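Commentary on secondary and tertiary structure
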Amino acid sequence: MIIQQFYDKGLAHASYAVIRTGKMIVIDPARDPQPYYDFATLHTADVVGVIETHPHADFVSSHLEIHETTGAVIYCSKLTGAAYPHETFDDGDVIQLNDVKLKAINTPGHSPDSICILLVDEDGKEQAVFTGDTLFVGDVGRPDLRESVGNITAKKEELAKQMYLSTRHKIMTLPRNVIVYPAHGPGSLCGKNMSPDLQSTIGRELLENYALQLMDEFTFIKTLTSDQPFVPNYFGYDVELNKAGAPAMQQNVDKVPMMDADIQLQDDITVIDSRAKSIFRAGHLKGAINLQDGEKFETWLGSILQADEKFYLVADSEEIIGKLLKKTAKIGYESNILATQLSPKNTNETLPDLDLAAFKADTDSYTIVDVRNESEVNGSKAFDTAINIPLPQLRNRLNEIPTGKPIVIHCAAGYRSAAGASIVAGVITGVPVYDLGEIITEFIVHSS
């Protein structure tokens, strides 16, 4: 038997292939199905099934495309309300992969329709459990993403209660040597305390996972519903898209046109400029947002733009455009791109460079905006007078920024501040807008 993990660092997403004697099942596949096809070919296996542990919020799954391409059966809980061809897979149901069994375990909590998949080997031994977004290494799935989307909705407190019961009665009763294969790792917004490790065991989680420690139901609910990360704009959209089944990725990506550099873009359409911030500062289109090509491009794209917002995508080369189109497709935003453009002409807008010495000498002469998340600022505020507006909220809260002094934008490492400065400068034009970049350490004030 072969178990293979496929890991996407950009979305901190783990998917899996299980092969037994020439037959392969894929679990929680990413938007691009090609790696699974390649793996099946490498091992001379036929893809016979796809299992969805729940309708994912943080990425678009290729389950429907794999079904249409290979004929593989899609399995999911009957509670999903799936609009695609499928077979239900709930408590007591078994998929026979030759002499290996995959057993469904209903584990509501992250979502009402979440399942885990218990792998029983040819000797009848419970060997591994694919936990989806129910159990992570060091954490459990957040319960606040299904209050208004999906076939079944539920308040976060009710889902947290269900997670308490699922972990105590379904997960924690498994043998301690059972290997845990989660759907996410560190950096995912589906949890708040994930370990850097991408697999674990039930025994280790019983010892180390805060959510599996001895506590009453009330304490668990309070703990799980507190201090969760922000929810990107695209999450609800992806739940519904996954419930319906997404169109084939490459076909959709190929539909996006490329415009010549000298063609004028529509003024009322958002421009996402992925070029390096030094190039962007030297010249960009009016109102463009500088979201640089990077490891978390797709997460920030889906956090800044609304799920139905049309936009243009600007990049340095066709190769980068191709890469970014696939990243965009991972969250289902490729259909929102009106066109791409290579280093457009008429880039007359610039951003000034900050005189760092002058800023350090008199920070009170500037309006400072901290675009980090609230949890980051609570741990270490960089400037006493800074206004905290997290980057995902910035476009809707620009009216909170005073305009009587030059504006300085900062974050933790410089990526978000580049985007933030471009957003602010695109609207506030009466005073200079500077990108400080990362925090200047001597100014950090540690909160108690």
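For clarity, every value in this text was computed on a predicted model and none was experimentally measured.

Sheet analysis places strand S3 (residues 23-27) next to strand S4 (residues 46-51), joined by five bridges and oriented parallel. By the bridge assignment for S4, Met 24 is matched with Val 47. You can see the chain leave S3, run along helix H1 (residues 34-42) and come back into S4, and the turn it takes is right-handed. When S4 meets strand S5 (residues 73-76), the two strands line up parallel, connected through three bridges. Within the sheet, the bridge partner assigned to Ile 51 lies in S5 and is Tyr 75.

Further remarks concern the sheet that holds strand S10 (residues 126-132). Overall, mixed pairing links the six strands, which are arranged S7-S8-S9-S10-S13-S14 in an open sheet. Strands with a single pairing partner mark the edges of an open sheet, and in this sheet they are strand S7 (94-97) and strand S14 (200-201). Two strands pair when backbone bridges link them, and S10 and strand S13 (residues 179-182) are joined in this way by four bridges, in the parallel orientation. Its bridge partner lying in S13, Ala 128 is registered against Ile 179.

Here the focus is the side chain of His 284. For His 284, the location among the structural elements is in the loop between helix H8 (277-282) and strand S17 (289-290). Among the polar contacts made by the side chain of His 284, one reaches the main-chain carbonyl oxygen of Phe 280 at a distance of 2.7 Å. For His 284, the contacting residues outside a window of four places in its chain are Asp 273, Arg 275, Thr 347, Asn 348, Glu 349, Thr 350 and Leu 351.

To continue, consider the packing of aromatic side chains. What the rule picks out here adds up to 14 aromatic pairs. Relative to Trp 300, the ring of Phe 230 has its centre 5.7 Å away and its plane inclined at 20 degrees; by these criteria the two rings are stacked. Separated by 70 residues along the polypeptide, Phe 230 in the loop between helix H5 (217-225) and helix H6 (234-244) and Trp 300 in helix H9 (residues 297-304) bring together distant segments of the chain. For Trp 300, a relative accessible area of 10% gives the class buried. Among the aromatic residues, those joined into a cluster by ring pairs are Tyr 234, Phe 235, Tyr 237 and Tyr 333.

Calculation rules
- Residues numbered from 1 in each chain as written.
- Predicted model: local features only at pLDDT ≥ 70, side-chain atom pairs only at ≥ 80, totals over all residues.
- Heavy atoms only, no water.
- Pairing = 2+ DSSP bridges.
- Helix = DSSP H or I, 4+ residues; strand = E, 2+ residues; numbered from the N terminus.
- Right-handed = clockwise from strand over helix to strand, strands pointing away.
- Polar contact = N/O pair within 3.5 Å; in protein donor to acceptor, adjacent residues only side chain to side chain.
- Contact = heavy atoms within 4.5 Å.
- Phe/Tyr/Trp six-rings, centres within 6.5 Å; stacked < 30°, edge-to-face > 60°.
- Buried < 20%, exposed > 50% of the residue type's maximum accessible area, 1.4 Å probe, protein only.

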